[in-house]
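Architecture at a glance
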Amino acid sequence: MSELFGIIGNPIAHSLSPLIQNEAYKLNKMNAHFQAFHVEHEDLETAIKGMKAIGIKGFLVTVPFKAKVIPFLDEIDPIAERTQAVNVVQLIDEKYVGYNFDGEACLKAILEDMGKPSLMKENILILGAGGAAQSIYYTLSQFEDVRIDIANRTLEKADAVKKLRAHHKHTHAISLEEAENKQDQYDIIIQTTSIGMWPKTDQSPINITHLKKDAFVSDIIYNPAETKILKRARENGARTQNGIKMLASQNALSIEKWTGHKVNDQKMIESLEEALS
Ligand code: ATR
């Protein structure tokens, strides 16, 4: 019998997950199918009970249910608990367990494109302090020797993110202005705000003028494919990466979690690039 996986959201019609998940199943000769489910707010609990009843082994969660889904799950992992956001659910021993893979997917994407096995003593700037930034910070701060500045328009929110890993010695919450001034100190810059996303493509959280030589700049936005900050970073000689790789990594990690199959995300990246162009 074919295994069924899916994604819940509202709206969900434009999700690219069915395309790349189903392609990956085919490529890896897996007997599985991935389906997008549009769920009304008032039906969320019933939908989750129904998915369990029909034996759906795993599903993705997207806007607007990342927090709202939590009361209807049986367990959530520490990072999902801390950030109050779930984007991957797996059925384990008849229990739905929620995870947040933003951080892991971002780390995987960055390491792969930088050609590094791990992080060491890099100076990292995270722009933003929203849901994605929290998960990314939590994952990156597992490396004790990296230095992480979290820059945000609202400083209190950057401070709150820092508290997710209170014992990390090298984390600082700073203003966007300070980040802009010391941009040449960072080896890696990760843009997690919505600034620069279509249709407001002429905006950038900081003005890129003097990056460190060999800096790596990643933006979690994938529409447009090159945000203003990435364009400026590229013109400044930096290596850049958009959010497509992270999106592909997130889907690849979910398949690995659900089925144990390690999938190569290169085909996913190509399909996403084609669908978005
Ligand atoms: P997500 O959960 O997708 O990360 P979010 O929680 O809404 O989204 O967070 C959005 C991030 O973008 C925040 O860091 C936000 O800054 P504030 O905490 O100060 O609100 C940032 N952001 C959004 N629009 C912005 C703008 N025009 N200028 C500066 N920061 C902005």
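Note that the structure is predicted; figures quoted are calculated from it, not measured. (Residues numbered from 1 in each chain as written. Predicted model: local features only at pLDDT ≥ 70, side-chain atom pairs only at ≥ 80, totals over all residues. Heavy atoms only, no water.)

So, the nonpolar core
Side chains of a nonpolar character, in soluble globular proteins, are inclined to be buried together. Counting residues in each nonpolar core, the largest one holds 55 residues, and the members touching the most others are Leu 119, Ile 124 and Leu 140. With eight residues, the single largest contributor to this core is helix α9 (residues 243-259). In terms of domain composition, this core takes at least three residues from each of domain 1 (3-100 + 245-276) and domain 2 (103-242). With near-sequence residues (within four places) excluded, Leu 140 lies in contact with Leu 107, Leu 119, Ile 124, Ile 126, Val 146, Ile 148 and Ile 190. (Core = buried A, V, L, I, M, F, W, Y, C linked by side-chain atoms within 4.5 Å. Buried < 20%, exposed > 50% of the residue type's maximum accessible area, 1.4 Å probe, protein only. Helix = DSSP H or I, 4+ residues; strand = E, 2+ residues; numbered from the N terminus. Domains from an automatic or database assignment. Contact = heavy atoms within 4.5 Å.)

Points about the side chain of Asn 152
Along the chain, Asn 152 falls in the loop between β8 (147-151) and α6 (155-162). At 3.0 Å, the side chain of Asn 152 forms a polar contact with the backbone oxygen of Thr 154. Residues contacting Asn 152, with those up to four places away along its chain left out, are Gly 128, Ala 129, Lys 157, Ala 158, Ile 174, Ser 175 and Leu 176. (Polar contact = N/O pair within 3.5 Å; in protein donor to acceptor, adjacent residues only side chain to side chain.)

Some details on the site of the ligand
Around the ligand, the structure places Gly 128, Ala 129, Gly 130, Gly 131, Ala 132, Asn 152, Arg 153, Thr 154, Lys 157, Thr 193, Ser 194 and Ile 195. At 2.7 Å, a side-chain N or O of Asn 152 approaches an oxygen atom of the ligand. In this structure, an oxygen atom belonging to the ligand sits 2.4 Å away from a side-chain N or O atom of Thr 154. Among the residues making up the shell around the ligand, the classes are represented as three nonpolar, seven polar and two charged. (Near = heavy atom within 4 Å. Nonpolar A, V, L, I, M, F, W, Y, C, P; charged D, E, K, R; others polar.)

Some thoughts on the packing of aromatic side chains
Taken as a whole, this structure holds five aromatic pairs when the rule is applied. Where Phe 5 meets Trp 258, the ring centres are 4.9 Å apart and the plane angle is 5°; that geometry is what we call stacked. Here Phe 5 is found in strand β1 (residues 3-9), whereas its partner Trp 258 is found in helix α9, with 253 residues between them in sequence. Like Trp 258, Phe 5 is buried. What links up through ring pairs into an aromatic cluster is the set Phe 5, Tyr 25, Phe 34 and Trp 258. (Phe/Tyr/Trp six-rings, centres within 6.5 Å; stacked < 30°, edge-to-face > 60°.)

Quick word on the sheet that holds strand β10 (residues 188-191)
The strand order across the open sheet built from six strands is β9-β8-β7-β10-β11-β12, with neighbouring strands paired in parallel fashion. Lying at the two open borders of the sheet, with one neighbouring strand each, are β9 (171-174) and β12 (239-241). Each strand axis lies, on average, 15° off the axis of its neighbour in the sheet, ignoring direction. Pairing geometry for β8 and β9, over four bridges, is parallel. Bridging from a neighbouring strand, Ile 150 pairs with Ala 173 of β9. Running over the sheet, helix α8 (residues 228-235) touches β7 (123-127), β10, β11 (216-219) and β12 and is turned about 165° from β11. (Pairing = 2+ DSSP bridges. Axes fitted to C-alpha atoms, helices over the stretch in contact; angles between N-to-C directions.)

A closer look at the layout of surface pockets
Roughly 1500 Å³ of volume is contained in the largest pocket. Val 63, Lys 66, Met 197, Ile 220 and Tyr 222 are, among the 46 residues lining the largest pocket, the residues nearest its centre. Contributions of two or more residues to the lining of the largest pocket are made by β3 (58-61), α5 (131-140) and α9. For the lining of the largest pocket, the leading source of residues is α9, giving five residues. When the residues that make up the lining of the largest pocket are grouped by side-chain class, the tally is 23 nonpolar, 19 polar and four charged. The residues that make up the lining of the largest pocket include at least three from each of domain 1 (3-100 + 245-276) and domain 2 (103-242). Put simply, the second largest pocket is a space of about 150 Å³. Within the residue set of the lining of the second largest pocket, elements represented by two or more residues are α4 (102-114) and α5. (1 Å grid on protein atoms, 1.4 Å probe; cavity = no way out; pocket = protein on both sides within 12 Å on 5 of 7 lines; lining within 4 Å. Points joined across faces, edges and corners; volume = space filled by probe spheres on them.)

Things to note about the sheet that holds strand β2 (residues 32-38)
Strand order across the open sheet formed by six strands is β2-β1-β3-β5-β6-β4, with mixed pairing between neighbours. Each edge of the open sheet is held by one strand with a lone partner, namely β2 and β4 (75-76). Strands in contact with helix α2 (residues 44-53) are β1, β2, β3, β5 (88-92) and β6 (95-99); relative to β6, the strand with the most contacts, it is inclined by about 120°.

Considering the packing of α4 against α5
At a minimum axis distance of 7 Å, the contact between α4 and α5 shows a crossing angle of 65°. By crossing handedness, the relation of α4 to α5 is classed as right-handed. Residue-level inspection shows Asp 102, Gly 103, Glu 104, Cys 106 and Leu 107 of α4 in contact with α5, the latter providing Ala 132, Ser 135, Ile 136, Thr 139 and Leu 140. The residue makeup of the contact of α4 with α5, split by class, is five nonpolar, three polar and two charged. (Left-handed = near helix turned anticlockwise from the far one by under 90°.)

Regarding the domain arrangement of the protein
Split into domains, the protein comes out as domain 1 (3-100 + 245-276) and domain 2 (103-242). When each unit is reduced to the centre of its C-alpha atoms, the spacing between domain 1 and domain 2 is 25 Å. Residue-level contacts link 14 residues of domain 1 with 18 residues of domain 2. Here domain 1 meets domain 2 over a buried area of about 1500 Å², counting both sides, of which 63% is carbon and sulfur. Interface area lost by domain 1 to domain 2 is led by Arg 82, Lys 245 and Met 246, which between them contribute 42%. Put simply, domain 1 and domain 2 have three salt bridges between them. When the shortest N-O distance is used, the salt bridge between Glu 112 and Lys 245 registers 2.7 Å. For the pair domain 1 and domain 2, the interface holds four residue pairs in polar contact (both at pLDDT 80 or more). (Buried area = accessible area lost by both parts, 1.4 Å probe. Salt bridge = Lys/Arg side-chain N within 4 Å of Asp/Glu carboxyl O.)

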